[in-house]
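Residue strings, one per chain:
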Amino acid sequence: MANLGYCAPAASGREGFVAGRTATPGVTVSGRLLAVLGCFEEAPPALTLTQVARRAGLPVSTARRLLAELTAWGALERRTDGRYCVGRRLWRIGALAPGRRDLREAAAPFLQDLYEAARENVQLVVPDGGEGLVVEKIYGAQAVHTDTGVGERMPLHSTGAGKAILAFAPSEFVADVVAAGLERCTPHTLVEPGRLAAALRRVRASGVAFSREEMTLGTVSVAAPVLDGAGSAVAAVAIVARAGTRLERLEPAVRAAALGISRAISLSAAADVTRSP
């Protein structure tokens with residue numbers, strides 16, 4: 001399956017710069033730039049020039065100039081197929097948002113311990129729109145290759161982390177994900193809503209989720225949810241390994257890491273309340 005979210009740019013080249021005036025009265029250049037950036041909040045995460053122009057309500061020539069400026073600055077990047085996606089510089093800025101930064105800081109020691117114990121890919125994934133966003137990843141030279149890195153997106157229905165999030169998400173959120181369509185990534189992907197619902201019930205009962213070559217052939221994963229005080233998933237911790245790995249032996253470590261992160265963010269939230277005037 002093709003990479004989602006952040007992607008490697010094609011050969012560079014500045015296509016143009018933002019004009020100082022706009023053709024539509026009352027619409028500023030900054031407003032148009034924000035409209036272009038807003039196009040990337042929803043799937044698909046990689047858009048053509050025409051798609052950006054349509055979503056932002058701009059002439060193609062204007063969209064081209066703004067895309068060139070945003071690409072030159074690093075907010076967006078242009079793929080080899082000509083589509084645009086969120087750039088690494090914008091991702092780094094977004095990672096500084098208080099909630100996400102606090103989560104990553106709280107999770108860091110637990111993710112490191114989990115990697116030391118498993119020596120496999122370790123990921124921290126948060127829900128973002130109808131997808132999962134990888135906000136932290138630890139891996140070594142011997143770990144299996146995965147298509148998702150930090151700042152990249154993944155489907156929720158076909159990954160261990162995604163199922164862990166869906167199982168402890170509001171029913172309306174799950175319904176929206178199903179309504180958007182369950183893409184078949186491999187022959188093993190659960191694309192029938194009834195089978196996915198049954199799988200999520202098992203995750204809620206056990207506290208762990210599995211994906212067995214449902215996202216990518218040759219890889220499997222086990223994940224557990226990071227829960228807030230209300231019992232909703234704010235993230236998931238996952239180990240991704242080669243097919244054939246006995247995921248059951250990794251289950252206790254994943255569960256312990258997720259529980260540790262859940263407690264850490266709860267304590268941090270309680271401390272913030274105590275410090276508030």
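Here the structure is a predicted model, which means the values were calculated and not measured. (Residues numbered from 1 in each chain as written. Predicted model: local features only at pLDDT ≥ 70, side-chain atom pairs only at ≥ 80, totals over all residues. Heavy atoms only, no water.)

(A) Just the pattern of salt bridges, in detail. One pass over the full model with this rule turns up ten salt bridges. The partner of Arg-153 in a salt bridge is Asp-128, with the nearest N and O atoms 2.5 Å apart. Linking Arg-153 in strand β6 (residues 152–154) with Asp-128 in strand β4 (residues 121–128), this pair joins segments that are 25 residues apart in sequence. Between Arg-195 and Glu-192 there is a salt bridge, with the nearest N and O atoms lying 3.3 Å from each other. Note on Glu-192: relative accessible area 32%, which makes it partly exposed. Connected via shared salt-bridge partners are Arg-79, Asp-81 and Arg-83. (Salt bridge = Lys/Arg side-chain N within 4 Å of Asp/Glu carboxyl O. Helix = DSSP H or I, 4+ residues; strand = E, 2+ residues; numbered from the N terminus. Buried < 20%, exposed > 50% of the residue type's maximum accessible area, 1.4 Å probe, protein only.)

(B) Structural detail: the packing of aromatic side chains. For the structure shown, the criterion picks out zero aromatic pairs. Stacked on the ring of Phe-210, the Lys or Arg Arg-212 has its end atom at 4.9 Å from the ring centre. (Phe/Tyr/Trp six-rings, centres within 6.5 Å; stacked < 30°, edge-to-face > 60°. Lys NZ or Arg CZ within 6 Å of the ring centre and 35° of its normal.)

(C) Spotlight on the confidence of the model for the chain. Residue-level pLDDT values for the chain average 84, and 83% of them are 70 or greater. Low pLDDT (under 50) marks residues 1–23, which in the prediction has 61 contacts with non-local residues, meaning those over four places away or in another chain. (pLDDT = per-residue confidence, 0-100. Contact = heavy atoms within 4.5 Å.)

(D) Broad picture of helix α6 (residues 160–167). In terms of residue burial, α6 counts as a mostly covered element, since eight of its eight residues are buried. Inspection of α6 places Gly-160, Ala-161, Gly-162, Lys-163, Ala-164, Ile-165, Leu-166 and Ala-167 among the buried residues, and these make up the whole buried set. Structurally, α6 contributes buried residues whose contacts are with β4, α7 (171–179), α8 (193–206), β7 (209–212), β8 (219–227) and β9 (233–242).

(E) Here's a closer look at the packing of α6 against α8. It is the contact of α6 with α8, at a shortest axis distance of 9 Å, that shows an interaxial angle of 80 degrees. Between α6 and α8, the interaxial angle falls into the category roughly perpendicular. Judged by residue contacts, Lys-163, Ala-164, Leu-166 and Ala-167 of α6 engage Leu-200, Val-203 and Arg-204 from α8. Looking at the contact of α6 with α8, its residues break down into five nonpolar, no polar and two charged. (Axes fitted to C-alpha atoms, helices over the stretch in contact; angles between N-to-C directions. Parallel < 35°, antiparallel > 145°, perpendicular 65-115°, else oblique. Nonpolar A, V, L, I, M, F, W, Y, C, P; charged D, E, K, R; others polar.)

(F) How the structure looks around the pairing of β7. Residues of β7 alternate between two faces, with Ala-209 and Ser-211 buried on one and Phe-210 and Arg-212 left unburied on the opposite face. With four bridges connecting them, β7 and β8 associate as antiparallel partners. Across the sheet, Phe-210 pairs through a bridge with Val-222, a residue of β8. Connecting the antiparallel pair β7 and β8 is a turn made up of six residues, with Glu-213 showing a positive phi of about 55 degrees. (Pairing = 2+ DSSP bridges.)

(G) Structural context of the environment of Pro-187. With respect to the helices and strands, the residue Pro-187 is situated in the loop between α7 and α8. What makes Pro-187 exposed here is its relative accessible area of 66%.

(H) A look at the environment of Ala-241. Tracing the backbone through its elements, the reader meets Ala-241 in strand β9. Considered as a pair, Ala-241 and Ala-118 are 123 residues apart in the sequence and their alpha carbons are 9.5 Å apart.

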